[in-house]
Number of protein chains: 2
Amino acid sequence: MQIAKTHRVAGGELAYTSHRSASTGTEMRLSVFTPPGTGPFPYLIWLSGLTCTEDNFTTKAGAYAAAAQHGVAIVAPDTSPRGEGVADDPAYDLGQGAGFYVDATQAPWAPHFKMESYFTRDLIVAVEAAFPLAPRRSIFGHSMGGHGALTLAMRHPQLFKSVSAFSPISSPTRCPWGEKALGAYLGSDRDAWRAHDAALLIEAGKAAAFDDILIDQGTGDQFLSEQLKPELLEEAARKAGQKLRVRRQDGYDHSYFFIASFVSEHVAFHAARLA
Amino acid sequence: MQIAKTHRVAGGELAYTSHRSASTGTEMRLSVFTPPGTGPFPYLIWLSGLTCTEDNFTTKAGAYAAAAQHGVAIVAPDTSPRGEGVADDPAYDLGQGAGFYVDATQAPWAPHFKMESYFTRDLIVAVEAAFPLAPRRSIFGHSMGGHGALTLAMRHPQLFKSVSAFSPISSPTRCPWGEKALGAYLGSDRDAWRAHDAALLIEAGKAAAFDDILIDQGTGDQFLSEQLKPELLEEAARKAGQKLRVRRQDGYDHSYFFIASFVSEHVAFHAARLA
């Protein structure tokens, strides 16, 4: 881990750092907040949305006062591999900044876009070695990162104590963002996409390890009906007997102002399950 | 007031807006947060530091939960005139983004850089007409904006109920940033600078209208000893019998992570004096 800079915030310490990932074959950037004290601390991994880097949550979410209060750390990584030789696309919703938290199997993405392996292997090992973190983790995220949090939690339930999301892409097999990205990264066979669809995973009982799942969704979100579709999560949870709450927050949009308004409640939700 | 966009945040409403200023002769941008309810609300004006726009505080300070809790609005304007025909300088500490909250008398700045008149006349009139704001205001800011908050409060004590600052430029007549900017905007006669020096104004008794002044300063701030010099405020307050607290916050730097860590205490400080 190369620490680029540190800031004191909310009585704790924030580090901007990077490390070499074997999965992506690139240098991956992230921020790590540790609360006051010596640890080891349980921690949350935050997965950001389309176009984001490690900086969006870190500077805009205002989550660290709540994290300090609850004694949890927060790890906020970048959303894709980047750098020389890494494939990209001019669209905002594919390629760099849009990794979708899957391991790509298709050209030109397959060599570096291994984001599921990155998160579930390299990232966890690296941060737990370099920072005073306990091997007790939860995961949450926003939009594409909400999809990532839900699917990674259900695909690797042994790794995470709890999961929550803001405005997640609920069913990428049934929305334009998801269809485009999964088609590019996993190929045209839609059967391969199903294992990365949060609603379908819930319906298949894959969330059974989690006593509750918390979703916040703004009713003023411009992407709500075409891309996000939280009703598909509710329907799947009903079918599977899975406890899952979608809180529809009146008038909130898709921005970090929405996240900042409710992030302390998500931190508390996870802290209770990491205790 | 032209409203460009709005966001719901912390139960209130955030508007990015702009208006024509007679003082600067330009379109001036700002954000306005109003808490839940119908108002009229007392409000805080935030003055940002070098290189900032209306966006830095708005997205990074995390102040709106506290503002909502206390029922105060927050107005966060840009730090200088901008646009076609407005003078600028390639340095980060002069010209656009570095208005220093004075009315320039010197070429090429004098035509548009009338930031004291802008704040104390145009801005107040415009926001109180367009938003549900009561004519009860306080003022606070950071770095160059801490200088601005202190000096505008002392030069116009009838306009503001209270004043506080983060990491202010305490005495611009005695630091490189201040000497450069005041020299450029007000000319080489240093006597003209004295009326815009917070420490000298306090020493002259100009803060007497304020029962207390709250200053937060990080001890890890890279600009502390050369540019900021809060000890000059303390010395001036001692001489004048002015109540003023400089809280030295261990290890905090000059960034918005510092502001985010203590802004809710500043909001509470002002709310108590606006009640």
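In this text the structure is predicted, and so the values were computed from the model without any measurement.

Enquirer: Give a description of the overall build of chain A that names residues and reports values.
Expert: Secondary structure assignment for chain A yields 9 helices and 9 strands. For chain A, the C-alpha radius of gyration of 17 Å lies close to 19 Å, the compact-globule estimate for 275 residues. In terms of overall dimensions, chain A has C-alpha extents of about 45 × 40 × 35 Å along its principal axes. Per-residue burial over chain A gives 63% buried out of 275 residues.

Enquirer: Go over the pairing of strand 2 (residues 12-20) of chain B with me, naming the residues and quoting the values.
Expert: Looking along a regular strand, one sees side chains alternate from face to face of the sheet. All names here are of chain B. Burial of strand 2 is extensive: 7 of the 9 residues sit out of reach of the surface. As judged from the 7 bridges shared by strand 1 (residues 2-9) and strand 2, these two strands associate in the antiparallel manner. When the bridges of strand 2 are listed, isoleucine 3 appears paired with threonine 17. The turn linking strand 1 back onto strand 2 is made up of 2 residues, and alanine 10 within it adopts a positive phi angle of 50°. Bridge count for strand 2 against strand 3 (residues 27-34) is 8 bridges, and the pairing is antiparallel. By the bridge assignment for strand 3, histidine 19 is matched with methionine 28. Between the antiparallel neighbours strand 2 and strand 3 lie 6 residues, among them glycine 25 with a positive phi of about 70°.

Enquirer: Tell me what's going on with the environment of B:Gly62, and back it up with residues and numbers.
Expert: Residues and elements named next belong to chain B. Looking at where glycine 62 falls in the secondary structure, it is placed in the loop between helix 1 (55-60) and helix 2 (64-70). A residue is classified by how much of its surface remains accessible, and glycine 62, at 52% relative accessible area, is exposed. C-alpha of glycine 62 to C-alpha of alanine 10: the two residues are 52 residues apart in sequence and 9.8 Å apart in space.

Enquirer: Describe in detail the interface of chain B and chain A, supporting the description with residues and values.
Expert: In this complex, chain B contributes 19 residues to the contact, which on the side of chain A involves 19 residues. Carbon and sulfur atoms make up 58% of the area that chain B and chain A hide from each other, which totals about 1500 Å². Taking the shortest distance from any N to any O, the salt bridge between B:Asp250 and A:Arg8 comes out at 3.6 Å. Viewed at the interface, chain A and chain B are joined by 8 residue pairs in polar contact (both at pLDDT 80 or more). Broken down by element, the side of chain B that touches chain A gets its largest block of residues, 4 residues, from strand 1 of chain B. Each residue belonging to the side of chain B that touches chain A can be placed in one class, and the counts come to 7 nonpolar, 8 polar and 4 charged.

Enquirer: Account for the pattern of salt bridges, naming residues and giving values.
Expert: One pass over the structure, following the stated rule, counts 32 salt bridges over all chains. Here A:Asp212 and A:Arg245 are joined by a salt bridge, their closest N and O atoms 2.9 Å apart. Taken together, the residues A:Asp212 in the loop between helix 6 (198-203) and strand 8 (214-218) and A:Arg245 in strand 9 (residues 245-249) connect sequence positions 33 residues apart. A salt bridge links B:Glu203 to B:Lys239, with the nearest nitrogen and oxygen atoms 3.7 Å apart. Here B:Glu203, found in helix 6 (residues 198-203), pairs with B:Lys239, found in helix 8 (residues 231-240); they are 36 residues apart in sequence, far enough to count as distant. For B:Glu203, a relative accessible area of 38% translates into the label partly exposed. We classify B:Lys239 as exposed; its relative accessible area is 55%. The network of salt bridges with common partners includes A:Arg29, A:Glu54, A:Asp78 and A:Arg82.

Enquirer: How would you sum up the sheet that holds strand 9 (residues 245-249) of chain B? Please name residues and give values.
Expert: Residue and element names in this part refer to chain B. What the 9 strands build is an open sheet, ordered 1-2-3-5-4-6-7-8-9; its pairing is mixed. Two strands lie at the open edges of the sheet, namely strand 1 and strand 9, each paired on one side alone. Strand after strand, the sheet turns through a mean of 20° between neighbouring axes, direction not considered. Pairing of strand 3 with strand 5 (residues 73-77), which is carried by 4 bridges, proceeds in the antiparallel orientation. Across the sheet, residue leucine 30 finds its bridge partner in strand 5, namely proline 77. Where helix 3 (residues 115-130) meets the sheet, it contacts strand 2, strand 3, strand 4 (41-47), strand 5 and strand 6 (133-142), and its direction lies at approximately 150° from that of strand 4.

Enquirer: Can you break down helix 3 of chain B residue by residue, with the values?
Expert: All names here are of chain B. In helix 3, a bend of some 35° at leucine 123 exceeds every other bend along the element. When we look at burial in helix 3, the residues that qualify are Met115, Glu116, Ser117, Tyr118, Phe119, Thr120, Asp122, Leu123, Ile124, Ala126 and Val127. On its buried face, helix 3 sits against strand 2, strand 3, strand 4, strand 5, strand 6 and helix 4 (144-155).

Enquirer: Account for the environment of B:Leu150, naming residues and giving values.
Expert: All names here are of chain B. Along the chain, the position of leucine 150 falls in helix 4. Each C-alpha atom, one on leucine 150 and one on phenylalanine 140, is 7.6 Å from the other, the two residues being 10 residues apart in sequence. Apart from residues lying up to four places away in sequence, leucine 150 is in contact with Val163, Ala165, Pro168, Ala198, Ile213, Ile215 and Leu233.

Enquirer: Go over a positive patch on the surface with me, naming the residues and quoting the values.
Expert: On the surface, A:Lys5, A:Lys60, B:Lys5 and B:Lys60 cluster together into a positively charged patch. Within the fold, B:Lys60 resides in helix 1.

Enquirer: Describe unusual backbone geometry, with residues and values.
Expert: Geometrically, the link from A:Ala107 to A:Pro108 is a cis peptide bond, its omega value of -5° lying close to zero. Although it is not a glycine, B:Ser143 adopts a positive phi angle of roughly 60°. If you trace the backbone, B:Ser143 turns up in the loop between strand 6 and helix 4.

Conventions we followed
- Residues numbered from 1 in each chain as written.
- Chains lettered and ligands numbered in written order.
- Predicted model: local features only at pLDDT ≥ 70, side-chain atom pairs only at ≥ 80, totals over all residues.
- Heavy atoms only, no water.
- Helix = DSSP H or I, 4+ residues; strand = E, 2+ residues; numbered from the N terminus.
- Rg over C-alpha atoms; globule rule 2.2 N^0.38 Å.
- Buried < 20%, exposed > 50% of the residue type's maximum accessible area, 1.4 Å probe, protein only.
- Pairing = 2+ DSSP bridges.
- Contact = heavy atoms within 4.5 Å.
- Buried area = accessible area lost by both parts, 1.4 Å probe.
- Salt bridge = Lys/Arg side-chain N within 4 Å of Asp/Glu carboxyl O.
- Polar contact = N/O pair within 3.5 Å; in protein donor to acceptor, adjacent residues only side chain to side chain.
- Nonpolar A, V, L, I, M, F, W, Y, C, P; charged D, E, K, R; others polar.
- Axes fitted to C-alpha atoms, helices over the stretch in contact; angles between N-to-C directions.
- Bend = angle between axes of the 7 residues up to and from the residue.
- Patch = residues over 30% accessible without salt bridge, like charges linked within 9 Å, V, L, I, M, F, W, Y side chains within 5 Å.
- Areas by Shrake-Rupley, 256 points an atom, 1.4 Å probe, with all protein chains shown as cover.
- Lys, Arg positive; Asp, Glu negative; His and termini not counted.
- Charge placed at Lys NZ, Arg CZ, Asp CG, Glu CD.

Any functional reading would require information beyond the geometric quantities listed.
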